Amino acid sequence: MEELQFKYSNSDFILRTPSWQNPSTKSKFDSVLMGRWDNAVTNGCFRYTLDDLQTKLIPGPMKYIAQLNLKRASDRRKPQEMLSLSQPFNPNKFNFTKINDKEILIELCPDSSIKNKDKGGAIVANDSITSNGCANPNTAATEEESEENGVLEGAVKRQKTTNSKHVVIINVSPLEYCNILLVPNIQDCLPQMFTQEGIQVALEMLLLSSRRSFRVCGNSLGAFASVNHLHFHAYHLNYELKIETVPTKLVHGPCHELLDWPARGFIFQLDEATNVQKLARCIYTVANHLHSNEIAHNIFLTRGAPLGSEADGLQGETVRAIIWPRKSCFGAKTDEVFNVAVCELAGHLPIYSREGYANLTEEWTIGHVNEVSLSEQSFDVLKEDIKKLQF
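How each quantity is defined
Residues numbered from 1 in each chain as written. Predicted model: local features only at pLDDT ≥ 70, side-chain atom pairs only at ≥ 80, totals over all residues. Heavy atoms only, no water. Pairing = 2+ DSSP bridges. Helix = DSSP H or I, 4+ residues; strand = E, 2+ residues; numbered from the N terminus. Axes fitted to C-alpha atoms, helices over the stretch in contact; angles between N-to-C directions. Core = buried A, V, L, I, M, F, W, Y, C linked by side-chain atoms within 4.5 Å. Buried < 20%, exposed > 50% of the residue type's maximum accessible area, 1.4 Å probe, protein only. Contact = heavy atoms within 4.5 Å. Parallel < 35°, antiparallel > 145°, perpendicular 65-115°, else oblique. Left-handed = near helix turned anticlockwise from the far one by under 90°. Nonpolar A, V, L, I, M, F, W, Y, C, P; charged D, E, K, R; others polar. Polar contact = N/O pair within 3.5 Å; in protein donor to acceptor, adjacent residues only side chain to side chain.

Draft legend 1. Fine view of the sheet that holds strand β2 (residues 54-57). Strands sit in the order β2-β3-β14 across an open sheet of three strands; the sheet is mixed. Two strands lie at the open edges of the sheet, namely β2 and β14 (348-351), each paired on one side alone. Taken pair by pair, the neighbouring strands of this sheet meet at an average axis angle of 20°, ignoring direction.

Written out as structure tokens, the structure reads:
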């Protein structure tokens, strides 16, 4: 069986990627991930291929990228019914411990948590797993902490409660090339509530890629998550997004707010003052506050310009971490053109009807996205709450 563990340390993280104008070489992670994803396509592991995917730039300053993906609308697994942000994990419903082994691509192994390597590379079966496929909470792992400087300090530090694994699997109903799902601590069977460790692994996975096209993102319950088992999406989109250079304004500490964007949101960045571990903690602190107050939210991680009021003209590169508080949406996903989940909030629009794709305009899109945004008054109240948080 193919070795599934991908071992990494701080030295594997790529802080500066080639510009969009220059072709990028593949990192070790890119080569492994793309190769295994391509093999999964060849082996017929997906519900459909992306051969018919059509892409266009919507005219206007927002630079929306629209893609016609009819098969995702018709062939994807039916989303689970979500009733609350605090809906518990249900082992009887579909979850990622039930997937076929051929859908598993990688087990992410930060160097401080590599131990007890499974024979044959098995992911779901080990001594800490109970009969229902979930982790035994009485099995704990103790890890040594690594010491690094600068923005990578603490990048692979974590307090794991079990031997549960961080698994990368294919999205059988892909949005774009290399669409994968990162399932942190898969055997812990956590509901779709973002954890600090999960966010940190998502950030680390982004940093393992040398491609600006690689983005990582997630939806909370009530924000169009379709499976109540903790996971993030990631994929390659070979287009620059406006959200990666949109100007920002300081709110408090490391937290900024987006300016001139249809949906109000908060944003953090990776820099010398905010290393990987602290950035994960910042994002988690806001996400946890939103969850505690039953406010749905979406998270988007991407390469982009340093934060500030003149971000669009700044030189340099950072990791931008955006979190949008938004109006909750429970029940079936029914919009004929697109539902406003994390991709759409970031400016990438998967479209599910030919008519909608043909007639899409920036004006209509801005209005549709703005419908899920918190009102200015609600966002201002939330900003005051954010100022009281400890980052």
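Draft legend 2. Fine view of the nonpolar core. Core analysis: the biggest nonpolar cluster contains 57 residues, and Leu108 and Met205 have the highest contact counts within it. Excluding residues within four positions of it along the chain, Met205 makes contact with Phe29, Leu108, Val168, Ile180, Leu182, Phe214, Val216 and Ala234. With 35 residues, the next largest nonpolar core counts Ile65, Ala263, Phe338 and Val369 among its residues.

Draft legend 3. Geometry of the sheet that holds strand β5 (residues 166-170). The eleven strands are arranged β1-β4-β5-β6-β8-β7-β12-β13-β11-β10-β9 in an open sheet whose pairing can be described as mixed. Each edge of the open sheet carries a strand with a single partner, namely β1 (5-8) and β9 (248-252). Each neighbouring strand pair of the sheet contributes to a mean axis angle of 25°, computed without reference to strand direction. Sheet topology places strand β6 (residues 180-183) next to strand β8 (residues 232-236); three bridges connect them, and they run antiparallel. Bridging from a neighbouring strand, Ile180 pairs with Ala234 of β8. Here helix α1 (residues 28-42) sits on the sheet and contacts β1, β4 (104-110), β5, β6, β7 (214-219) and β8; the angle it forms with β4, its principal contact strand, is near 160°. Taken strand by strand, helix α4 (residues 276-292) contacts β11 (266-269), β12 (296-304) and β13 (318-326), and its axis lies near 5° from that of β13.

Draft legend 4. Spatial organisation of the packing of helix α3 (residues 196-208) against α4. Two elements in contact, α3 and α4, have axes separated by 8 Å at closest approach and are oriented at 130°. Between α3 and α4, the angle falls in the class oblique. Crossing of α3 over α4 shows right-handed handedness. Residues Gln196, Ile199, Gln200, Leu203, Glu204 and Leu207 of α3 lie in contact with α4, whose contacting residues are Val276, Gln277, Leu279, Ala280, Arg281, Ile283 and Tyr284. Taken together, the residues of the contact of α3 with α4 sort by class into eight nonpolar, three polar and two charged.

Draft legend 5. Just the pairing of β12, in detail. β12 sits mainly inside the fold: nine of its nine residues count as buried. Burial along β12 is two-sided: the residues Ala296, Asn298, Phe300, Thr302 and Gly304 and His297, Ile299, Leu301 and Arg303 are all buried. Alignment of β7 against β12, held across four bridges, turns out to be antiparallel. Bridging across to β12, Cys217 finds its partner in Phe300. For β12 and β13, the ladder comprises nine bridges, and the chain directions are antiparallel. Note on β13: the bridge partner recorded for Ala296 is Arg326.

Draft legend 6. Quick peek at the environment of Gln87. Take Gln87: it is sitting in the loop between α2 (70-75) and β4. Not counting residues within four places of it along the chain, the set of residues in contact with Gln87 comprises Glu81, Met82, Pro191, Met193, Leu221 and Asn228. Within the structure, Gln87 has its side chain in polar contact with the backbone nitrogen of Leu83 (distance 2.6 Å).

Draft legend 7. Expanded view of unusual backbone geometry. One non-glycine residue, Cys178, lies in the positive phi region at around 65°. Relative to the assigned elements, Cys178 resides in the loop between β5 and β6. On the basis of relative accessible area, Cys178 is assigned to the buried category, the value being 0%. The phi dihedral of Phe224 is positive, around 80°, even though this residue is not glycine. Within the element layout of this structure, Phe224 appears in the loop between β7 and β8. By relative accessible area, Phe224 is classed as buried at 10%.

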